[in-house]
Amino acid sequence: MATKQRPFHLVVFGASGFTGQFVTEEVAREQVDPEGSAFLPWAVAGRSREKLQQVLERAAEKLGRPTLPSEVGIIICDTSNPASLDEMAKQATVVLNCVGPYRFYGEPVVKACIENGTSCIDISGEPHFLELMYWKYHEKAAEKGVYIIGSSGFDSIPADMGVIYTRNKMNGTLTSVESFLTVQSGPEGLCIHDGTWKSAIYGFTNQSHLKKLRKETNLKPVPIVGPKLKRRWPVSYCRELNSYSIPFLGSDVSVVKRTQRYLHENLEQSPVQYAAYFTVGGITSVIKLMFAGLFFLFFVKFGIGRQLLIKFPWLFSFGYFSKQGPTQKQIDASSFTMTFFGQGYSQGFDPDNNKPNIRICTQVKGPEAGYVTTPIAMVQAALTLLNDASDLPKVGGVFTPGAAFSRTKLIDRLNKHGIEFSVISSSEV
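Residues numbered from 1 in each chain as written. Predicted model: local features only at pLDDT ≥ 70, side-chain atom pairs only at ≥ 80, totals over all residues. Heavy atoms only, no water.

Asks: Explain the pairing of strand S10 (residues 243-247) to me, using residue names and the numbers behind them.
Replies: As judged from the 3 bridges shared by strand S9 (residues 236-238) and S10, these two strands associate in the antiparallel manner. Bridge pairing in S10 places Ser236 opposite Ser245. Following S9, the chain reverses through 4 residues before pairing antiparallel with S10; Asn242 in that reversal takes a positive phi of roughly 55°. The pairing of S10 with strand S11 (residues 273-281) spans 4 bridges and is antiparallel. What sits directly across from Ile246, in S11, is Phe278. (Pairing = 2+ DSSP bridges. Helix = DSSP H or I, 4+ residues; strand = E, 2+ residues; numbered from the N terminus.)

Asks: Describe the state of the cysteines, naming the residues involved and giving the relevant values.
Replies: Tallied over the full model, the rule gives 0 disulfides. Unpaired in terms of disulfides, Cys77 finds its nearest cysteine sulfur in Cys113, a separation of 9.8 Å. In this model Cys113 remains outside any disulfide bridge; the closest cysteine sulfur is found in Cys120, 4.2 Å from its own. (Disulfide = S-S within 2.5 Å.)

Asks: Please set out the sheet that holds S11 residue by residue, giving values where relevant.
Replies: Read across the sheet, 7 strands follow the order S9-S10-S11-S7-S13-S14-S16 without closing on themselves; strand pairing throughout is mixed. The sheet terminates laterally at S9 and strand S16 (420-428), the two strands that pair on one side only. Strand-to-strand twist in this sheet, taken as the mean axis angle between neighbours without regard to direction, amounts to 30°. With 8 bridges connecting them, strand S14 (residues 358-367) and S16 associate as antiparallel partners. The residue of S16 that forms the bridge with Lys365 is Glu420. Packed onto the sheet, helix H7 (residues 157-169) meets strand S7 (173-184), S11, strand S13 (335-345), S14 and S16 and runs at close to 40° relative to S13. (Axes fitted to C-alpha atoms, helices over the stretch in contact; angles between N-to-C directions. Contact = heavy atoms within 4.5 Å.)

Asks: Before we move on, could you go through the pattern of salt bridges and cite the residues and values that matter?
Replies: This structure, assessed with the given rule, holds 13 salt bridges. Glu178 is the salt-bridge partner of Arg232, the closest N and O atoms lying 3.0 Å from each other. Highlighted residues: Arg232 in the loop between helix H9 (207-217) and S9 and Glu178 in strand S7, separated in sequence by 54 residues. Its relative accessible area of 12% is what places Glu178 among the buried residues. Several salt bridges share partner residues, and in doing so they unite Glu25, Glu26, Arg29 and Lys62 into one network. (Salt bridge = Lys/Arg side-chain N within 4 Å of Asp/Glu carboxyl O. Buried < 20%, exposed > 50% of the residue type's maximum accessible area, 1.4 Å probe, protein only.)

Asks: I'd like a rundown of the packing of aromatic side chains, residues and numbers included.
Replies: One pass over the structure, following the stated rule, counts 23 aromatic pairs. Three or more aromatic residues link up through ring pairs in this structure, and these residues are Phe295, Phe298, Phe299, Phe302 and Phe316. We note Arg232 situated over the ring of Tyr277; from NZ or CZ to the ring centre the distance is 5.7 Å. (Phe/Tyr/Trp six-rings, centres within 6.5 Å; stacked < 30°, edge-to-face > 60°. Lys NZ or Arg CZ within 6 Å of the ring centre and 35° of its normal.)

Asks: Tell me about unusual backbone geometry, and please be specific about residues and values.
Replies: Here the bond from Gly100 into Pro101 is cis, since omega is -5°, no more than 30 degrees from zero. A positive phi angle, near 50°, is found at Ser151, a position not held by glycine. For Ser151, a relative accessible area of 1% gives the class buried. You will see that Asn242, though not glycine, has its phi angle at about 55°, which is positive. By the secondary structure assignment, Asn242 is in the loop between S9 and S10. Note on Asn242: relative accessible area 57%, which makes it exposed.

Asks: Explain helix H10 (residues 252-267) to me, and be specific about the residues and the numbers.
Replies: The α-helix winds at 3.6 residues per turn, so residues separated by three or four positions along the chain end up facing the same way. In this model H10 runs 21 Å from its N-terminal to its C-terminal C-alpha over 16 residues, within 8% of the 22 Å that 1.5 Å per residue would give. Residues of H10 that are buried include every one of Asp252, Ser254, Val255, Val256, Arg258, Thr259, Gln260, Arg261, Tyr262 and Leu263, and no others. Glu268 lies just past H10 and shows a positive phi near 55°. (Expected span 1.5 Å × (residues − 1).)

Asks: Summarise the side chain of Glu131; cite the residues concerned and give the values.
Replies: Tracing the backbone shows Glu131 in helix H6 (residues 127-144). Excluding residues within four positions of it along the chain, Glu131 makes contact with Leu210, Leu213, Arg214, Ser254 and Arg258.

Asks: Kindly report on empty space enclosed by the protein, identifying the contributing residues and their values.
Replies: Summed over all chains, the structure comprises 3 cavities of 30 Å³ or more. Of the pockets and cavities examined, the largest cavity occupies roughly 70 Å³. Among the elements of the structure, H6 and strand S15 (397-399) are those that each provide at least two residues to the lining of the largest cavity. In terms of residue count, the dominant contributor to the lining of the largest cavity is H6 (3 residues). Along the lines of polarity and charge, the residues of the lining of the largest cavity split into 7 nonpolar, 3 polar and 2 charged. The wall of the second largest cavity is formed by Tyr262, Leu267, Asp391, Leu392, Pro393, Ala403, Ala404, Phe405, Ser406 and Arg407. Mapped by element, the contributors of at least two residues to the lining of the second largest cavity are H10 and helix H16 (401-405). No other element matches the 3 residues that H16 contributes to the lining of the second largest cavity. Across the lining of the second largest cavity, the residue classes tally to 7 nonpolar, 1 polar and 2 charged. (1 Å grid on protein atoms, 1.4 Å probe; cavity = no way out; pocket = protein on both sides within 12 Å on 5 of 7 lines; lining within 4 Å. Points joined across faces, edges and corners; volume = space filled by probe spheres on them. Nonpolar A, V, L, I, M, F, W, Y, C, P; charged D, E, K, R; others polar.)

Right, here's the structure in full:
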């Protein structure tokens, strides 16, 4: 990747937004990491110079680096001004796009980056946006030799790279994986900024658009190896984790399936079936969640209902989402564990005539998901893009994290930064 001609290797776009400020801190933290890129030139970008300056000053105070604001460039640009996005893209090797909801603000950034020969990473958890960008811009990005990599935060690096890690650790052929996400919180509970809440509202509202897109693309099915992975009930009990679970409605399934298609069609790897679930604890939690879900599904169907959901996130999410976002205490006390249960076949064992004879259990564990894990994952993905160029796909394009990074050292980087991948058990049946 050409970096010498650009004044900045990384530009954090949307740095003054709620998530963007944490990404900004993480880039700054990486500069003082003894193993990091200490002299990496970078900048922050957004609409307000004053707000961007304030973000840098807060990061400087938090990290004990008073000179930070003078070391980081500031670029003024806006998604409603294509010329300003072009100017930003021309100055960067990689843009870290933190401006969502991406269905409204993401495409102009992707377009500007491709036209100006700049790679781009985002943290979108919106399947329609992610899949649409692939169909609209994959060939253009390939022609330009740039990498557009979506869902590079908590959505969906732990899931996507977790499946790849599980495949790599199995002594045989992995054929199916179920993941179970468990979120731990401290005495003050959990809270998520309402930007994620808005993305969920718009995502459910526009489900028909995603179905239409998938119907129009008319992809041939990826072959199924071994028995077909059966879907669990909407509420099911996981004995291994001693917890009830529900289907996880984020972008993980969409992203992992796209990765598995890419690895099968381009690297001739055996495709892995995948399903994602979210653990909810005991029966009391199940009942609470059912009521919350019914409220949400009812209100999201109507225009006035959506306005109420957006205006009063704390009320309709039973306190899980707010306009203020989590406190520092809530962030510090939160963590996640994603457990993967995989099965497959030992070498030389015929999947056409036999049941799977190997089981494996792996985990990805990390700090608070939205504002600690997401910045770490995004920044390490960007540094992998800069430093592991020889291990990336040979030509550019629009990729999932797993498609872009399956042969890189991203998992090693994440392990060193507190997002830990490990094998819990592996055995022949």
